[in-house]
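Coordinates in review
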Amino acid sequence: MTGVEVVVHRDTTDLNVSTAARLAAKLVQIQAQGRVPRIALTGGGSGIGLLAELNASPAKDDIDFSRIEFYWGDERFVPGQDPERNEKQARDALLDHVRVDPAKVHPMAASDGEFGDDVDRAAAAYAAVVGDDPAFDVVMLGMGPEGHVASIFPESPAVFEQAATVVAVRDCPKPPPTRMSLTLPAIRRADEVWIITGGDGKADAVHRALSGAGEVELPVAGATGRTRTLFLLDRGSAARLPAGQSGVTFTA
Ligand SMILES: O=C1O[C@H](COP(=O)(O)O)[C@@H](O)[C@H](O)[C@H]1O
């Protein structure tokens, strides 16, 4: 990956607090331009942690949440009230505490929703929701220790997808096994992609992503934005940054 910016925070709390502030500033900036931000949320520790931090921050008062289009980068295909759902976790952390426009909140379907347990139909329906050119302002992505982003896992069918914007995922190595995910081509249509990951268990994947690994073996390597790709790390996940890595900022 080239042209990537890396910001290293002191610890995971600092990572989540700072990323919440970064997101708030981005939303305010876009709204000040008279546009409605299109944001793709992520699940995972930092993905949900930063939403909770935004909910706790006075900065949330500067944001008109009713003028934001919320999407998800991936979802676990389980019942709607299952605590594993990225949507439920995001609602609990933030969306249920602010005044969103329900018509602008676009969760992926649940396994007890209108498509029943047909994950292929659910994925096709979400592709229609995001459109042929998703053009998100920001796609936020957590990253697994093996380099997965959204629900695109190494060497899995999803990582080879070149046409669809959304795919069904089966036999996922991380439970739950059935999921839906944006694809790498859809993610790459975003203006900015933020990879948000903390903890020393992620250090090896960060190192490989910034050292030229391919996206099939390490999907995060294929997650780039059109104008900006940002790795938001803590000292643990940054512990193995490649020697000579440029564009690195340490916040503390
Ligand atoms: O299963 C998932 O995992 C990733 C990473 O989660 P983390 O807890 O290791 O940060 C997450 O980004 C994705 O949305 C989620 O479905």
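Predicted, not measured: the structure shown is a model, and the values here were computed from it.

Scanning the protein chain from N- to C-terminus turns up 7 helices and 10 strands. Since a compact globule built from 252 residues should have a radius of gyration of about 18 Å, the 17 Å found for the protein chain is in line with a globular shape. Judged by the C-alpha coordinates and their principal axes, the protein chain covers about 50 × 45 × 30 Å. For the protein chain, buried positions account for 47% of its 252 residues. Considering only intrachain contacts with a sequence separation of at least 6, the fraction spanning at least 24 residues in the protein chain is 80%.

Our focus in this paragraph is the site of the ligand. Looking at the ligand, there are 16 residues lining it, with Thr-42, Gly-43, Gly-44, Gly-45 and Gly-142 nearest. Top contributing element to the shell around the ligand by residue count: helix 2 (residues 45-56), with 3 residues. When grouped by side-chain class, the residues that make up the shell around the ligand number 3 nonpolar, 11 polar and 2 charged.

This part covers the UniProt feature "domain: Glucosamine/galactosamine-6-phosphate isomerase" (unreviewed entry) in the protein chain. UniProt's entry tags residues 11-227 with the feature "domain: Glucosamine/galactosamine-6-phosphate isomerase" (unreviewed entry), counted in the numbering of this structure. With 31% helix and 13% strand, the stretch residues 11-227 has end C-alpha atoms that lie 27 Å from each other.

Counting 73 residues, the largest nonpolar core has Leu-141, Met-180 and Ile-195 as the members making the most contacts within it. For this core, the leading source of residues is helix 4 (residues 119-130), giving 5 residues. For Ile-195, the contacting residues outside a window of four places in its chain are Leu-141, Met-143, Val-149, Val-220, Ala-223, Leu-230, Phe-231 and Leu-232.

Parameters at a glance
Residues numbered from 1 in each chain as written. Predicted model: local features only at pLDDT ≥ 70, side-chain atom pairs only at ≥ 80, totals over all residues. Helix = DSSP H or I, 4+ residues; strand = E, 2+ residues; numbered from the N terminus. Rg over C-alpha atoms; globule rule 2.2 N^0.38 Å. Buried ≥ 20, exposed ≤ 12 C-beta atoms within 10 Å, placed from the backbone. Contact = placed C-beta atoms within 7 Å. Near = placed C-beta within 6 Å. Nonpolar A, V, L, I, M, F, W, Y, C, P; charged D, E, K, R; others polar. UniProt positions renumbered as here; feature names shortened; annotations may be inferred. Core = buried A, V, L, I, M, F, W, Y, C linked by C-beta atoms within 7 Å.

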